[in-house]
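One letter stands for each residue in the lines below.
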Amino acid sequence: MKQDNKVVSFSGQKSFSRFNLPPALVRLRDTSGQALKGVLGRFFERADDALFELADRAGSNKDQTVYFDAMRELRLRRKAMAVSVLQYVSQAFNDIGKFRPRHSSGSLDQVDQDSLSLVEHSDLEQQVAVDNLINKLRNSHQNPIQLLSMRVNHLVPGIQLADSQMPLSPEVICGGVAEACAELDIDIRAKLVVLKLFDRLLSDTLGDFYQDANRTLIAEGILPDVKRPHARSPDRTSGARSVTSAPVSSSSAGYEAVEAGEAHSAQSFGYDQVQGGISYATFSELSALLHQNGSAHGASEKAASSEAYLDTNHLMARLGEAQTSFGGQEGGEIASLDQQLQSVLQAANGQRANIAQVDSDVINLVSMLFDFILEDRQLHPVMKALIGRLQIPVLKVALSDKTFFNRGGHPVRKLLNELALSAIGWTEKRPGQRDPLREKIGTVVDRVLHEFTDNVSLFDELLKDYCHFTDLDRRRGELVEQRLRDAEEGRARQERASQAAESLVENSTAERDVPRPVLDMLNEAWTKYLQWVLLREGEDGERWADASELTEHIVWSVDPQPVEDTTRSELLRAIPAIVDDFRRALQEISWDPFATDTAVRDLELAHVDVFQRLATASSQPAPLVVAKVPVTGTPSGPDIPEPVFLQQETRVAEPHEAEKVPPVLSDQANETPPTDSAEVVSQHWLDQADNLRVGAWIELTRDGTRLRCKLAAFIRATGKYIFVNRSGAKVVEYRRQELAATMASGAISMLDDGLIFDRALESIIDNLRSSRKD
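Quick caveat, the model's predicted, so the values are computed rather than measured. (Residues numbered from 1 in each chain as written. Predicted model: local features only at pLDDT ≥ 70, side-chain atom pairs only at ≥ 80, totals over all residues. Heavy atoms only, no water.)

1. Things to note about the overall build of the protein chain
Within the protein chain, the regular secondary structure consists of 25 helices and nine strands. Taking all 774 residues of the protein chain together, 46% fall into the buried category. The contacts of the protein chain with a sequence gap of at least 6 include a subset with a gap of at least 24, amounting to 75%. Put simply, the protein chain shows about 39,600 Å² of open surface, and 49% of that area lies on carbon and sulfur atoms. (Helix = DSSP H or I, 4+ residues; strand = E, 2+ residues; numbered from the N terminus. Buried < 20%, exposed > 50% of the residue type's maximum accessible area, 1.4 Å probe, protein only. Contact = heavy atoms within 4.5 Å. Areas by Shrake-Rupley, 256 points an atom, 1.4 Å probe, with all protein chains shown as cover.)

Below, the structure written as structure tokens:
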């Protein structure tokens, strides 16, 4: 879709073209284009995996189709989309001052109300999604964007650029994304999914993009001394970098360069972890919270009287020595990070060595992170012990890598999240039984302890290998789960068909005088035929209507009600067709031929008795009449209206005697009525059962044993909740009322399968902010 920009004339403003842009702006255009190309490339790689994950967790076939459509279209058009976005941004540079992003958001006061009726609903939804993405990027990366705008405006003093006109503004980048998405040949739902993926996967990478853009202009000498944008709102605090009491070493000084206002989104691959309006802070902001709460008096303050000073390089060397000794302890209680660091921070004189304030803050934050992880009830103690062995390696990463706390896609964070996520459903095996997951996690931990020095790329390698393992494990489990779901759904359809067939027979024979042999036939052979019809064509099919009508005709043929003068002639006309249709129906389901002949014979005998009663029409209680019995060897079906009969004396029984069918008691007649406790389940717990999503993990306490299982399927036809273990094997099933009652009793507790690192960081921020308010 070609961009149709409006050319706006500003009196007295200098006009630029692609041939006379300032050299620094040309440099920014070229370097940012390459950087943005890399950002988009990584987006498409992650989007494919994210869409596959979403499709895998889709709650319906319709949603799954939307995700697969989006995945296929992105694969086909990823190159064209990247080119479209890059051309859009390049045009913003070349036409600086004249270019207006098509999708820049504006105030509702500026919108013509009459024009709203001309906007199609799908276009409006897409516009809202783009505007939300623009606002999120501006809020997450406010400071670097404002600094970049100041430097770009400094390069073009003759032009007054609006915020949205800065060539790398969120409005320009998101406008390019929207233009590229407009060319996708998918419906609006799939387009919104793609835009949401840009929202989820780009927000944590564009922070580094804007920082690099600022560095490019600083290298060109554009406002190199400006560290903060001009204040625009009074609520931006300036205390984030005010506390550094101890000397700062060269390797830890990188934290000081992170601007206090920069905030990366905490969204990592495939997940949305911004909850309750909390966005994850940078290290500078976390450090400021620590000092404002008085929580950061750690190593520096305690060692203020010590002459020994341990810089970051020496601290890292000591941590490397301690890494193997503490990490090698398997089983038992895991020592906290503070306990492990006692010997590391001990000086030669036996006192605690003094360290840089920044290093002390890092230690405090990592210690808080692992305190949360090791106290988290979502993890089994064995898994906590394994993950707890990584405390010192993670501390080394945090000391050396300034992006650790605020970069959602950091390989160490992702590895911790993956380890915890796969371990959430783990239960300890019996002695002697092989446990592949525990062995794999142990292998990952051992490699970190023995191979990690300062090479963070090791975590990328381990993450890739571990994700491959978990993918294979997950697919094996999914195959088992799918077979289980198919079996349960088939069983549910069978039960539903059985109930519908039995209900039809029961309703048709209610208050009717049906002979016992015919009733047995209806409850057995005929019910099987009705089930077969239902399973094959459903209740809305024409075959089911025909089968229902034939059921009514069979019952009417053995007990015609009401009896009128024309009843006998109607029976004579209808019975041959009824018997023929009945025989064909049983043959269609391959019913035993001998049993079929017997059923037909029983039906014909019942018809004979009906004709006898109609013929005699006697009011005497038990008159002697001539009964008609078919001659042996005659055809089993009434091919002629009046078959040949032998005469035999018999007594016609009254309806209340032999022919009358005694009432059949249902199995529920002897059941104990439901207790009040089963009936009175709080609506809160019923809502909890209704809101339980497929894939959610629970911990079930049964017979004193705790089992971890997840909801694999909800069978709507029967209302059953099917729970399985990690391997996909069925553990337990509940109906809605039973599940709600079990949850109310406390036997079931929900497990949080969110990303553990992000939950820990969010908890730390909440606690620090709460302490500050107190």
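2. Digging into the packing of helix α5 (residues 170–182) against helix α6 (residues 188–202)
With their axes 11 Å apart at the nearest point, α5 and α6 run at an angle of 150 degrees to one another. Judged by the inter-axis angle, α5 sits roughly antiparallel to α6. The crossing of α5 and α6 is right-handed. Contacts between α5 and α6 pair Val177, Cys181 and Ala182 from the former with Lys191, Val194, Leu195 and Phe198 from the latter. Counted by class, the contact of α5 with α6 contains six nonpolar, no polar and one charged residues. (Axes fitted to C-alpha atoms, helices over the stretch in contact; angles between N-to-C directions. Parallel < 35°, antiparallel > 145°, perpendicular 65-115°, else oblique. Left-handed = near helix turned anticlockwise from the far one by under 90°. Nonpolar A, V, L, I, M, F, W, Y, C, P; charged D, E, K, R; others polar.)

3. Concerning the pattern of salt bridges
Under the counting rule described, the total for this entry stands at 29 salt bridges. A salt bridge links Glu428 to Arg438; the nearest nitrogen and oxygen atoms lie 3.9 Å apart. On the criterion of sequence distance, the pair formed by Glu428 in the loop between α15 (411–423) and α16 (436–451) and Arg438 in helix α16 is long-range, its members being ten residues apart. Judged by relative accessible area, which is 49%, Glu428 ranks as partly exposed. Within the structure, one salt-bridge network assembled from shared partners comprises Glu495, Lys720, Lys730 and Glu733. (Salt bridge = Lys/Arg side-chain N within 4 Å of Asp/Glu carboxyl O.)

4. Some points on the packing of aromatic side chains
Centre-to-centre distance and the angle between the planes together describe a pair of aromatic rings. Counted by the stated rule, this structure contains twelve aromatic pairs. With 5.6 Å between their ring centres and 35 degrees between their planes, Trp526 and Phe582 make a pair best called tilted. In this pair, Trp526 sits in helix α18 (residues 516–537) while Phe582 sits in helix α20 (residues 567–588), placing the two residues 56 residues apart along the sequence. Under the relative-accessibility criterion, Phe582 is labelled buried at 0%. Three or more aromatic residues link up through ring pairs in this structure, and these residues are Trp526, Tyr529, Trp532 and Phe582. (Phe/Tyr/Trp six-rings, centres within 6.5 Å; stacked < 30°, edge-to-face > 60°.)

5. Overview of the packing of helix α12 (residues 357–375) against helix α13 (residues 381–388)
Contact geometry of α12 with α13 gives a least axis separation of 9 Å together with a crossing angle of 160 degrees. Put simply, α12 runs roughly antiparallel to α13. In contact with Phe370, Ile373, Leu374 and Glu375 of α12, α13 contributes Lys384, Ile387 and Gly388. Looking at the contact of α12 with α13, its residues break down into four nonpolar, one polar and two charged.

6. Re α20
Compared with the 32 Å implied by 1.5 Å per residue over 22 residues, the 30 Å span of α20 between its first and last C-alpha is a close match. For α20, the principal kink sits at Ala574 and spans about 40 degrees; a proline, Pro576, occurs within the next four residues. Turning to α20, its buried residues are Thr567, Leu571, Ile575, Ile578, Val579, Phe582, Arg583, Ala585 and Leu586. Against the buried residues of α20 lie α18, α19 (542–558) and α21 (593–616). Where α20 terminates, the next one or two residues include Ser590, which has phi positive at roughly 60 degrees. (Expected span 1.5 Å × (residues − 1). Bend = angle between axes of the 7 residues up to and from the residue.)

7. Description of α15
For α15, built from 13 residues, the straight-helix expectation of 18 Å at 1.5 Å per residue is met to within 8% by its first-to-last C-alpha distance of 18 Å. Burial runs high along α15: eleven of the 13 residues are buried. Of all the positions in α15, only Pro411, Val412, Arg413, Leu415, Leu416, Asn417, Glu418, Leu419, Ala420, Ser422 and Ala423 are classed as buried.

8. A few points about the environment of Val39
For Val39, the position within the fold is in helix α1 (residues 23–56). A sequence separation of 43 residues divides Val39 from Ala82, and the C-alpha atoms of the two residues are 9.8 Å apart. Discounting residues that sit within four places of it in the chain, Val39 has contacts with Leu202, Thr205 and Leu206.

9. Comments concerning the sheet that holds strand β6 (residues 705–715)
Taken in spatial order, the five strands of this open sheet run β8-β7-β6-β5-β9, and their pairing is antiparallel. The sheet is open, and its two edges are formed by β8 (730–735) and β9 (748–750), each paired on a single side. Looking at each pair of strands side by side, their axes are set apart by 35 degrees on average, direction ignored. Relative to β8, strand β7 (residues 720–724) runs antiparallel, the two being bridged by five bridges. If you follow Ile722 over to β8, its bridge partner there is Glu733. The sheet contacts of helix α17 (residues 457–509) involve β6, β7 and β8, and relative to β6 the element is tilted by about 60 degrees. (Pairing = 2+ DSSP bridges.)

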